[in-house]
Amino acid sequence: MVADLSQLVKAYDVRGVVPDQWDESLAELFGSAFVQVTAADAIVIGHDMRPTSPGLAGAFARGAAARGADVTLIGLCSTDQLYYASGALGLPGAMFTASHNPARYNGIKMCRAGAAPVGQDTGLAEIRTLVEQWSEGTPQPAAATAPGTITERDTLTDYAVHLLGLVDLTAIRPLKVVVDAGNGMGGHTVPTVFEGLPLDLVPMYFELDGTFPNHEANPLDPKNIVDLQARVLAEGADLGLAFDGDADRCFVVDERGAGVSPSAITALVAARELARNGGEGIVIHNLITSWSVPEVVRENGGTPVRTRVGHSFIKTEMARHGAIFGGEHSAHYYFRDFWNADTGMLAALHVLAALGGQQKPLSELVAEYDRYSGSGEINSTVADQAASLTEVRKVYGAHDGITFDDLDGLTVTAADWWFNLRASNTEPLLRLNVEARDEKTMAAVRDEVLGLIRKA
């Protein structure tokens, strides 16, 4: 298959429609290229529950083995379970998933040994170049004299043991928790991780089904947690958890059925990780997380470090600073003791431990970490992104007490509010996030900025 890899290879992963944009023949080339670029003599491969995932993973394994690499197949797994296997086994890894994308999509998330990210600047560009050349007819290097072996291994129990060794849940009070797996990989991992804990588990959509018959497996979209919110209230549960399709992200709902901001979860987990590390350490947060996050980090003895949006940036900064924890507004949570990789399950365990270790309901517990009013991310279709950003900078440059920051898009900050505008890399969109000290100010700033960028 000759493919348009400009649409298939993204900044951090491979993702596209099967078989229109890629298929098993291309997956086999990706396996060969991955081994060549990483110079790996052994790799580990996992996949989600999408109907095309086993075939694509198998093809990738054949391509890798042809280059002489021994392949360990761990089968059905969450993305963070693949990161666990990469870290624990010391092997480069490939996870076949399209995360929260619709059923017709599939993709590959790749990492080096120890779950180190593979992005455009860390090997993905080279992999793309090789696959392009080979798909267009350039001969591959000669196959290895001795092809690699392909063996199977189950890592789910070991993954659960590792996570539970990082958070002590043995002494918590009994909790009733509703979990919406969205027919994704949370339905595979949650029963094993939660087994034996003092939890009354109410499962929703645990049946593995890559056609997503109940709702999209993207809990950051409010419409996809409506069922969970209703069930939490109906069950009188202490909280609800929603995982995305590959279960590397986790979204939290309190006992009132209200969504808990990922920034508040970031702050809560940061405080716990700092306490676990003697009240000191560096915590990474992206520039869209709430003001609450660096405040809580400092109050608990830590040092906050602000970075761009995107998991490869976070993971790079985690490693560079020796950070103990990192969080994003998108409900990705990164842990030093999980090879700097993101795991929604470990964040969920921290929430359960924090809630079960005291008597207050979750809404009261997280209130101290949720101090400001935020807009959430608002997308606007804009014909000329650069011109719109220039106009916004011009308008706010005429105000007193304003600072500008170009770390990632444009961040405009005043005494009582801030907003960030970022251009999408793949669509004609500007993404707006606003935060202020009160709801009225937030709404006023939000509406003013949207008026500026949408007036055309």
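Anything mentioned here points back to the structure above.
In this text, all values refer to a predicted model and were calculated from it rather than measured experimentally. (Residues numbered from 1 in each chain as written. Predicted model: local features only at pLDDT ≥ 70, side-chain atom pairs only at ≥ 80, totals over all residues. Heavy atoms only, no water.)

A.B. asks: In this structure, what is going on with helix α7 (residues 186-194)? I would like to understand it.
C.D. replies: Owing to its 3.6 residues per turn, the α-helix brings residues three or four apart onto one side. Here α7 has its buried residues at Gly-186, Gly-187, Thr-189, Val-190, Val-193 and Phe-194. Take α7 and look down its axis: the buried residues cluster within an arc of 165 degrees, on one side only. Tucked into the core, α7 has its buried residues touching α4 (79-89), α6 (156-164), β8 (175-180), β9 (199-204), β10 (239-243) and α12 (344-356). Downstream of α7 by a residue or two, Gly-196 has a phi angle that is positive, lying close to 85 degrees. (Buried < 20%, exposed > 50% of the residue type's maximum accessible area, 1.4 Å probe, protein only. Helix = DSSP H or I, 4+ residues; strand = E, 2+ residues; numbered from the N terminus. Arc of directions from axis to C-beta. Contact = heavy atoms within 4.5 Å.)

A.B. asks: Which parts of the structure should I look at to understand the nonpolar core?
C.D. replies: Generally speaking, nonpolar side chains in soluble globular proteins are found buried as a group. In this structure, Phe-194, Leu-239, Leu-241, Phe-243 and Leu-362 are the most contacted members of the largest nonpolar core, which totals 74 residues. The element that contributes the greatest number of residues to this core is α12, accounting for ten residues. Excluding anything up to four places from it in sequence, Leu-241 contacts Val-177, Val-178, Val-179, Asp-180, Phe-194, Leu-228, Cys-250, Phe-251, Val-252 and Ala-348. In terms of nonpolar packing, the next biggest core, distinct from the first, is built from 35 residues, Ile-45, Ala-57, Leu-124 and Ile-127 among them. (Core = buried A, V, L, I, M, F, W, Y, C linked by side-chain atoms within 4.5 Å.)

A.B. asks: Sorry if this is basic, but what is going on with the pairing of strand β21 (residues 417-423) here?
C.D. replies: Looking down a regular strand, the side chains alternate between one sheet face and the other. When you tally the buried positions in β21, you get six out of seven residues, the bulk of the element. Pairing between strand β20 (residues 410-413) and β21: four bridges, direction antiparallel. Pairing of Thr-411 across the sheet is with Asn-420, part of β21. The loop that links β20 with its antiparallel partner β21 comprises three residues. When β21 meets strand β22 (residues 429-436), the two strands line up antiparallel, connected through seven bridges. What sits directly across from Ala-423, in β22, is Leu-430. (Pairing = 2+ DSSP bridges.)

A.B. asks: Explanation requested: α12 in the structure shown.
C.D. replies: With 13 residues, α12 extends 18 Å between its outermost C-alpha atoms, agreeing within 8% with the 18 Å of an ideal straight helix rising 1.5 Å per residue. At the N-terminal end of α12, a side-chain oxygen is found 3.4 Å from the backbone nitrogen of Met-345, two or three residues along, and the residue is Thr-343. (Expected span 1.5 Å × (residues − 1). Polar contact = N/O pair within 3.5 Å; in protein donor to acceptor, adjacent residues only side chain to side chain.)

A.B. asks: How should the sheet that holds strand β16 (residues 333-335) be read in this particular structure?
C.D. replies: Pairing between the strands of a sheet comes from backbone hydrogen bonds, and it takes one of two forms, parallel or antiparallel. Here four strands make up an open sheet; going across it, the order is β14-β13-β15-β16 and the pairing mixed. If you trace the sheet from one side to the other, it starts and ends with β14 (303-307) and β16, each paired once. Strand after strand, the sheet turns through a mean of 20 degrees between neighbouring axes, direction not considered. Across three bridges, strand β13 (residues 282-286) lies against strand β15 (residues 325-327) in parallel orientation. Residue pairing in the sheet places Ile-284 in a bridge with Gly-326 of β15. Sheet strands in contact with helix α10 (residues 292-299) are β13 and β14, and its direction is about 155 degrees off that of β14. (Axes fitted to C-alpha atoms, helices over the stretch in contact; angles between N-to-C directions.)

A.B. asks: Would you explain the packing of aromatic side chains in this entry?
C.D. replies: Aromatic rings in a pair are described by how distant their centres are and how their planes are angled relative to each other. Enumeration over the complete set of coordinates arrives at 13 aromatic pairs. Aromatic side chains Trp-22 and Phe-96 sit 6.4 Å apart centroid to centroid with 20 degrees between the ring planes, which places their arrangement in the stacked category. With Trp-22 in the loop between β1 (14-17) and α2 (24-38) and Phe-96 in strand β4 (residues 93-96), this residue pair connects regions lying 74 residues apart in the sequence. What makes Trp-22 buried here is its relative accessible area of 0%. With a centroid separation of 5.8 Å and 70 degrees between ring planes, the pair formed by Tyr-396 and Trp-417 is classed as edge-to-face. (Phe/Tyr/Trp six-rings, centres within 6.5 Å; stacked < 30°, edge-to-face > 60°.)

A.B. asks: Can you walk me through the environment of Asp-20 in this structure?
C.D. replies: Mapping Asp-20 onto the fold places it in the loop between β1 and α2. A relative accessible area of 61% means that Asp-20 is categorised as exposed. Taking C-alpha positions, Asp-20 is 9.6 Å from Tyr-105, a pair spaced 85 residues apart along the chain.

A.B. asks: I'm lost on the side chain of Asn-286 in this one. Help?
C.D. replies: Along the chain, Asn-286 turns up in strand β13. Here Glu-328 takes part through its side chain, which lies 3.0 Å from a polar atom of the side chain of Asn-286. Beyond its immediate stretch of four places on either side in the chain, Asn-286 contacts Thr-307, Arg-308, Val-309, Ile-314, Gly-327, Glu-328 and His-329.

A.B. asks: Help me understand the environment of Gly-68 in this model?
C.D. replies: Its location among the elements puts Gly-68 in the loop between α3 (53-66) and β3 (70-76). Take Gly-68: its relative accessible area is 24%, and that puts it in the partly exposed class.

A.B. asks: Any chance you could explain the pattern of salt bridges here in plain terms?
C.D. replies: Pairing is possible between side chains that carry opposite charge, provided their charged atoms lie close to one another. In this structure the tally under the stated criterion is 26 salt bridges. Between Glu-132 and Arg-128 there is a salt bridge; the shortest N-O distance is 3.2 Å. On the criterion of helical spacing, the pair formed by Glu-132 and Arg-128 is a turn pair, its members being four residues apart in helix α5 (residues 124-135). Residue classification places Arg-128 among the partly exposed positions, given a relative accessible area of 24%. Arg-256 is the salt-bridge partner of Asp-254, the closest N and O atoms lying 2.8 Å from each other. (Salt bridge = Lys/Arg side-chain N within 4 Å of Asp/Glu carboxyl O.)

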